[in-house]
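# Per-entry structural report
Single-letter residue listing:
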Amino acid sequence: MNDQGAVIVTGAGGNLGSAVVRELAAGGAKLVCMNRSSQELETLAGELPASTEFLSIAGTELTDYASCAAAVARAVKHFGGVSALVNTVGGFQMGPVGPDAPSQWDTMMTANARTALTISAAVLPTMKAAGYGRIVHVAAAPGLKAGANQAAYAASKAAVIRLTEAIAAENRDHRITANCVLPGTIDTPENRAAMPNAKTDGWVSPQSIARLIAFLISPAAAVVTGGAIPATGRE
């Protein structure tokens, strides 16, 4: 980890976001935890080691550049800089290419692609000024190849992958890396409830994805950029 700045984690109160926060806190990272709900952040803060340097930012509108820029400014004021962004926010909907598809397309593009674009655009200036940065987005395997009823969702995750590649290409000389991870089915209570008859032994735990993300934002991962990295293996 770059000691000169904090790590912003969006969606910090969610299953994956909170796993990332716990993993990074165990490594001594300075954390800026962004989440729609302040209550989830309060609960999360109480679960971290007492020594954790932790800033909670609730209610940021991740589709709005000014709102994201204000959050980044708070992080910089509090910690002096931002060394990494881990963006875990997103949405999931399925449906055929039919009458409801245009609406679903807009919803998925906003929830997955626009949020990734906007928070990246807001955090890049401070990383460029420091000459260092790490950005990790959460995409998904359908971003590489869609299945039935996945048009809007897959297209939005493909947009995240292409966004990541562009950020990596634009910022290589600033020593800023950008990568995205492509998890398999994440083992969460919500997914188990939604798919009660599924075989879960091949599902991926949030903790294992968090360990991958922790590596990608570390100095050791400097040569990895522009990647769409599968997280589908067996633990």
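Coordinates for the structure precede this section.
Residues numbered from 1 in each chain as written. Predicted model: local features only at pLDDT ≥ 70, side-chain atom pairs only at ≥ 80, totals over all residues. Heavy atoms only, no water.

Attention now goes to the overall build of the protein. Per the secondary structure count, the protein includes seven helices and seven strands. Listing each helix as α and each strand as β along the protein from the N terminus yields β-α-β-α-β-α-β-α-β-α-β-α-α-β. The principal-axis extent of the C-alpha atoms belonging to the protein is close to 50 × 35 × 35 Å. Across the 235 residues in the protein, those meeting the buried criterion constitute 49%. In the protein, once contacts between residues fewer than 6 apart in sequence are set aside, the share between residues at least 24 apart is 67%. As presented, the protein carries roughly 11000 Å² of accessible surface, and 53% of it is formed by carbon and sulfur atoms. Across the protein, the centroid of the 17 positively charged side chains sits 5 Å from that of the 17 negatively charged ones. (Helix = DSSP H or I, 4+ residues; strand = E, 2+ residues; numbered from the N terminus. Buried < 20%, exposed > 50% of the residue type's maximum accessible area, 1.4 Å probe, protein only. Contact = heavy atoms within 4.5 Å. Areas by Shrake-Rupley, 256 points an atom, 1.4 Å probe, with all protein chains shown as cover. Lys, Arg positive; Asp, Glu negative; His and termini not counted. Charge placed at Lys NZ, Arg CZ, Asp CG, Glu CD.)

Turning to the packing of aromatic side chains, a few remarks are in order. Counted according to the given criterion, the structure contains one aromatic pair. Look at phenylalanine 92 and tyrosine 153: their rings are 4.8 Å apart centre to centre, the planes differ by 85 degrees, and that puts the pair in the edge-to-face class. Of this pair, phenylalanine 92 sits in the loop between β4 (82-87) and α4 (101-130) while tyrosine 153 sits in helix α5 (residues 151-171), and the two are 61 residues apart along the sequence. When its relative accessible area of 10% is taken as the criterion, tyrosine 153 is described as buried. (Phe/Tyr/Trp six-rings, centres within 6.5 Å; stacked < 30°, edge-to-face > 60°.)

This next bit is on the environment of methionine 34. Here methionine 34 is to be found in strand β2 (residues 31-35). Sequence separation between methionine 34 and arginine 172 is 138 residues; the distance between their C-alpha atoms is 26 Å. Ignoring sequence-local partners within four residues, the contact set of methionine 34 consists of Ile8, Val9, Thr10, Gly11, Ala12, Ile57, Thr60, Leu62, Ala71 and Ile119.

In this section: the packing of helix α3 (residues 65-79) against α4. The interhelical angle for the contact between α3 and α4, taken along N-to-C directions, is 40 degrees, at an axis separation of 8 Å. Between α3 and α4, the crossing angle belongs to the class labelled oblique. The two elements α3 and α4 meet at a crossing, and its hand is right-handed. Here α3 contributes Tyr65, Cys68, Ala69, Val72 and Val76 to the contact with α4, which in turn contributes Thr118, Ile119, Ala121, Ala122, Val123, Pro125 and Thr126. (Axes fitted to C-alpha atoms, helices over the stretch in contact; angles between N-to-C directions. Parallel < 35°, antiparallel > 145°, perpendicular 65-115°, else oblique. Left-handed = near helix turned anticlockwise from the far one by under 90°.)

Two faces make up the sheet, and in a regular strand the side chains alternate between them. Across the five residues of strand β1 (residues 6-10), five count as buried, placing the element largely inside the fold. Here β1 shows two buried faces, one formed by Ala6, Ile8 and Thr10 and the other by Val7 and Val9. Relative to β2, β1 runs parallel, the two sharing four bridges. Each residue of the ladder has a partner; that of valine 9, found in β2, is cysteine 33. Viewed along the sheet, the connection from β1 through helix α1 (residues 15-26) into β2 turns out right-handed. (Pairing = 2+ DSSP bridges. Right-handed = clockwise from strand over helix to strand, strands pointing away.)

Of note in this structure, asparagine 149 is not a glycine but carries a positive phi near 65 degrees. Positive phi, close to 60 degrees, is recorded for arginine 175, a residue that is not glycine. Within the element layout of this structure, arginine 175 appears in the loop between α5 and β6 (176-183). Under the relative-accessibility criterion, arginine 175 is labelled exposed at 59%.

These figures come from the coordinates and say nothing about function on their own.
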